[in-house]
Amino acid sequence: MNEYMKETNEQLVHTYNPFPVVLEHGEGAYLYDTEGKKYLDFAAGYAVTSLGYGNEELNEALKEQIDKIYHTSNLYYNTACLQAATVLKRISGMDRIFFTNSGGEAVEGALKAARKYAYKKGTGRYEFIAMKESFHGRSFGAVSVTGHAAYQEPFQPLVPGVSFADYNDLNSVKALVTDKTCAIILEPLQGEGGINLATDEFMQGIRQICDEEGILMICDEVQCGMGRTGSMFCWQKYGIRPDIMTMAKAIGNGIPVGAFALTEEVAKYSLEPGDHGTTYGGNPLACTAVSKTVEIFERENIAAHAKEMGIYLTEKLLALKEKCDCIKEVKGTGLMQGIKIMKPLGEVTKTALEEGLLVIGAGKDVLRFVPPLIIEKNEIDEMIEILEKILL
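Residues numbered from 1 in each chain as written. Predicted model: local features only at pLDDT ≥ 70, side-chain atom pairs only at ≥ 80, totals over all residues. Heavy atoms only, no water.

The secondary structure content of the protein amounts to 14 helices and 17 strands. Here the C-alpha atoms of the protein give a radius of gyration of 21 Å, agreeing with the 21 Å that 2.2 N^0.38 yields for 392 residues. When the backbone C-alpha atoms are referred to their principal axes, the protein occupies close to 60 × 55 × 45 Å. Burial status across the protein gives 53% buried among its 392 residues. (Helix = DSSP H or I, 4+ residues; strand = E, 2+ residues; numbered from the N terminus. Rg over C-alpha atoms; globule rule 2.2 N^0.38 Å. Buried < 20%, exposed > 50% of the residue type's maximum accessible area, 1.4 Å probe, protein only.)

Okay, here's the thing in structure tokens:
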């Protein structure tokens, strides 16, 4: 352990278990440590750096905004917030935007919006149906709808009224619906739970249940959204629209920002002044990152590129599966994929790091691939070559 790592460990609360590397700068899909070693990044800061590192256009926009103003408060309007809300409305097809600092905070706001909607409608509903193996964040509300006992057990009792259905099992969801159910929350593509993609039948079935029963549908797009699956948001593949959605991570390419979005109906009958707030939500610097990131996405057709590279990645992973007995399944879509392996994840990610490849796990036995969306075929080939060396 070098001196920097030692000093850092002495200063911070130990809630993370970082790899023994000190990163200094990045370029494109590569990161470099303080000793000059180069790493191909297939983790992207947990699916955050959608445009990769060192994007000059984004950097210049942020520098320009810093010279203007980088914080006000929500007591005042600011032009950057308006612009960011406008572009997020356009690409999401939703009607109202609330900016947050993170995905977990976006989920917290989404849950409160659903509860307040039920309250204002006078339905008496307050319960949530969430999914097993889901992950929505680590605040009390978000962890209460996260379907992993390990995240929940130390913090019981959590928010009451939450039940968990089996992912991609519509009958399991139907069995949990009561006259107290106010919302169903799910990720269209589960990340932490093991790269589990919702079927058309499941997503469309949940939308139908919600419509028939007067329940709100919440789609968590914090990790799977913003072009990663080949459409701007994953739910758009299914021909439905949620009542509430959350987003974060890739919408700012690494600048801390999140948001939740509401339909006009939910916005009209839910949150009011004083119900929910955040000091830094709508921050001009963060909103500039959102607007410029979306601008680059649309001009460069990043979502289509992610779809194309995702097809290529699937082909390469399937070919690797034929060579490596330890690979049991290829999962996911677009540039959010994984392989189910029969080797310890910790050992594989550690060896990959030594070989100059950054990858992360998902669930107990899935190696996750969430690279920057600017990744090219030659970089996928490089990743596969390293992976083959590790797994064979």
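For the rest of this paragraph, the subject is the side chain of Lys116. Mapped onto the elements of the fold, Lys116 is located in helix H5 (residues 103–121). The contact partners of Lys116, leaving out residues within four places of it in the chain, are Tyr269, Ser270, Leu271, Glu272 and Asp275. (Contact = heavy atoms within 4.5 Å.)

This brings us to helix H3 (residues 56–68). Compared with the 18 Å implied by 1.5 Å per residue over 13 residues, the 19 Å span of H3 between its first and last C-alpha is a close match. Considered for burial, the residues of H3 that qualify are Leu58, Ala61, Leu62 and Gln65. Along the axis of H3, the buried positions cluster into a sector of 95°, meaning they face one direction only. Structural note: H3 exposes Glu56 and Asp67 on the side pointing more than 90 degrees away from its buried face. Residues of H3 that are buried make contact with helix H4 (79–92) and helix H11 (284–300). With a side-chain oxygen positioned 3.2 Å from the backbone nitrogen of Glu57, the residue opening H3 is Asn55. (Expected span 1.5 Å × (residues − 1). Arc of directions from axis to C-beta. Polar contact = N/O pair within 3.5 Å; in protein donor to acceptor, adjacent residues only side chain to side chain.)

The strands making up a sheet associate through hydrogen bonds between their backbones, and the pairing can be parallel or antiparallel. In spatial order, the strands read S13-S14-S17-S16; together these four strands make up an open sheet with antiparallel pairing. Both outer strands of the open sheet, strand S13 (327–333) and strand S16 (360–362), are each paired with one neighbouring strand and no more. Averaged over all pairs of adjacent strands, the angle between their axes in this sheet comes to 30°, without regard to strand direction. Direction of pairing for S16 relative to strand S17 (residues 366–369): antiparallel, over a ladder of three bridges. Bridge pairing in S17 links Gly361 to Leu367. (Pairing = 2+ DSSP bridges. Axes fitted to C-alpha atoms, helices over the stretch in contact; angles between N-to-C directions.)

The full count for this structure, using the stated rule, is 21 salt bridges. With its nearest N and O atoms 3.0 Å apart, the salt bridge here joins Lys132 to Asp166. Residue Lys132 is found in the loop between strand S5 (127–131) and helix H6 (140–144), and its partner Asp166 is found in the loop between strand S6 (162–165) and helix H8 (170–174); the two are separated by 34 residues along the sequence. Here Lys132 falls in the partly exposed class, since its relative accessible area comes to 37%. Of the charged contacts in the structure, one is a salt bridge between Glu295 and Lys292, with a shortest N-O distance of 3.1 Å. Here Lys292 and Glu295 lie together in helix H11, a separation of three residues that amounts to about one turn. Classification of Lys292 as buried rests on a relative accessible area of 16%. Linked by salt bridges that have partners in common, Glu57, Lys292, Glu295, Arg299 and Glu300 make up one network. (Salt bridge = Lys/Arg side-chain N within 4 Å of Asp/Glu carboxyl O.)

This paragraph deals with the environment of Lys112. Mapped onto the elements, Lys112 comes out in helix H5. Since its relative accessible area comes to 34%, Lys112 is described here as partly exposed. C-alpha separation for the pair Lys112 and Asp275, spaced 163 residues apart in sequence, amounts to 8.4 Å.

In this chain, Gln156 is followed by Pro157 through a cis amide linkage whose omega measures 0°. As for its position among the elements, Pro157 is in the loop between helix H7 (149–152) and S6. A positive phi angle, close to 55°, is found at Ala44, a residue other than glycine. When you line up the elements, Ala44 lands in helix H2 (residues 44–47).

The next subject is the nonpolar core. Within the largest apolar cluster, 92 residues are counted, with the highest numbers of intra-cluster contacts made by Met131, Ile339, Phe369 and Leu391. Ranked by size, the runner-up nonpolar core spans 22 residues in total, among them Phe128, Ala183, Ile244 and Ala267. (Core = buried A, V, L, I, M, F, W, Y, C linked by side-chain atoms within 4.5 Å.)

The next point concerns the pairing of S17. Both faces of S17 are covered, namely the face carrying Val366 and Arg368 and the face carrying Leu367 and Phe369. Linking S16 back to S17 in an antiparallel pair, the connection comprises three residues, with Gly363 at a positive phi of about 70°.

Its 17 residues place the ends of H11 24 Å apart at the C-alpha level, agreeing with the 24 Å of an ideal helix rising 1.5 Å per residue. The buried fraction of H11 amounts to twelve of the 17 residues, a majority that puts the element mostly inside the structure. Where H11 is buried, its residues meet H3, H4, strand S4 (96–100) and helix H12 (302–323). One or two steps after H11, the chain reaches Asn301, where phi turns positive at roughly 55°.

Next up on the list: the packing of H4 against H11. The contact between H4 and H11 brings their axes to 8 Å, and the two run at 40°. The orientation of H4 relative to H11 falls into the category oblique. Between H4 and H11 lies a crossing whose hand is left-handed. Across from Ala80, Cys81, Gln83, Ala84, Val87, Leu88, Arg90 and Ile91 in H4, the residues of H11 making contact are Pro284, Cys287, Thr288, Val290, Ser291, Val294 and Glu298. Its residues placed into classes, the contact of H4 with H11 shows ten nonpolar, three polar and two charged. (Parallel < 35°, antiparallel > 145°, perpendicular 65-115°, else oblique. Left-handed = near helix turned anticlockwise from the far one by under 90°. Nonpolar A, V, L, I, M, F, W, Y, C, P; charged D, E, K, R; others polar.)

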